[in-house]
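Architecture at a glance
Listed below, chain by chain, are the residues.
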Amino acid sequence: MAKTRRRLRSSTVVLGGMGMLAAALSACGSDPDRRCVDRDSYDYLNGYKVVADKNCKSGSSGKGGKKKTGSSKSVGDADWYYDADVSNGRADSGTFSRSEAVDRGGFGCSGGSGGG
């Protein structure tokens, strides 16, 4: 029995290519990855404790999260933390500045910091 090669239709190839292009362009979006963290929970080895998004303001950035009431766990100073390495409920190596996180760029993005 001879094996036959399956040929892809040109529309399949075009649609696949468009999907890859869309994924690459969306990685350059203006919204960096963000986590809501408790600024008061910083640990030198582990970073900030990640808390529920509802503790942070819905806006892009700014100090002053809201304090949870009626709960034994309160978050006094929650804020958005951008482009962080997240592990075991902790976020580290990020920034509280949204504009700085956008300037860093991402996969397939031009710009970012360049060497001299």
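The structure contained in this document is the topic of the report that follows.

Calculation rules
Note that residues are indexed from 1 along each chain, following the sequence as it is written. Where totals are concerned, whole chains, interfaces and linings use all residues; where local detail is concerned, this predicted model gives features only for residues with pLDDT of at least 70, and gives and counts side-chain atom pairs only at 80 or more. Based on all heavy atoms of the structure, the side-chain values leave hydrogens and waters out of the count. Definition used in this section: a nonpolar core is a set of buried Ala, Val, Leu, Ile, Met, Phe, Trp, Tyr and Cys residues joined via side-chain atoms within 4.5 Å. A 1.4 Å probe rolled over the protein chains alone gives each residue an accessible area, and that area as a share of the maximum for its type sets the label: buried under 20%, exposed over 50%, partly exposed in between. Only DSSP runs of H or I reaching four residues or more are called helices, and only runs of E reaching two or more are called strands; each is numbered from the N terminus. Note on contacts: a residue pair is in contact if any heavy atoms of the two residues lie within 4.5 Å. One requirement defines pairing of two strands: DSSP has to find at least two bridges between them. Geometry is summarised by axes, namely lines fitted to C-alpha atoms with helices restricted to the contacting stretch, and by angles between N-to-C directions that run from 0 to 180 degrees. Salt bridge, as used here, is a side-chain nitrogen of Lys or Arg placed within 4 Å of a carboxyl oxygen of Asp or Glu.

1. Describing the nonpolar core
Grouped together as the largest cluster of nonpolar side chains are eight residues: Cys36, Val51, Cys56, Val75, Ala78, Trp80, Tyr82 and Ala101. At three residues, the largest contribution of residues to this core is made by strand β3 (residues 78-82). Apart from the residues within four sequence positions on either side, Cys36 is in contact with Lys49, Val50, Val51, Ala52, Asp53, Asn55, Cys56, Ala78, Asp79 and Trp80. Core analysis: the second largest hydrophobic core is formed by six residues, Val37, Ala84, Ala91 and Phe96 among them.

2. Regarding the sheet that holds strand β1 (residues 34-43)
Spatially, the five strands line up as an open sheet ordered β3-β1-β2-β5-β4, and their pairing is antiparallel. Taken across any chain shown, the strands that pair with only one partner, and hence form the sheet edges, are β3 and β4 (85-87). Across the sheet, the axes of successive neighbouring strands diverge by a mean angle of 45 degrees, strand direction being ignored. Pairing of strand β2 (residues 47-50) with strand β5 (residues 90-92) involves two bridges; the strand directions are antiparallel. Bridging across to β5, Tyr48 finds its partner in Ala91.

3. A closer look at the pattern of salt bridges
The tally for this structure, following the rule as stated, stands at two salt bridges. Asp33 is the salt-bridge partner of Arg35, the closest N and O atoms lying 2.9 Å from each other. Exposure remark for Arg35: the relative accessible area of 29% places this residue in the partly exposed category. Between Arg39 and Asp79 there is a salt bridge whose closest N-O contact spans 3.0 Å.

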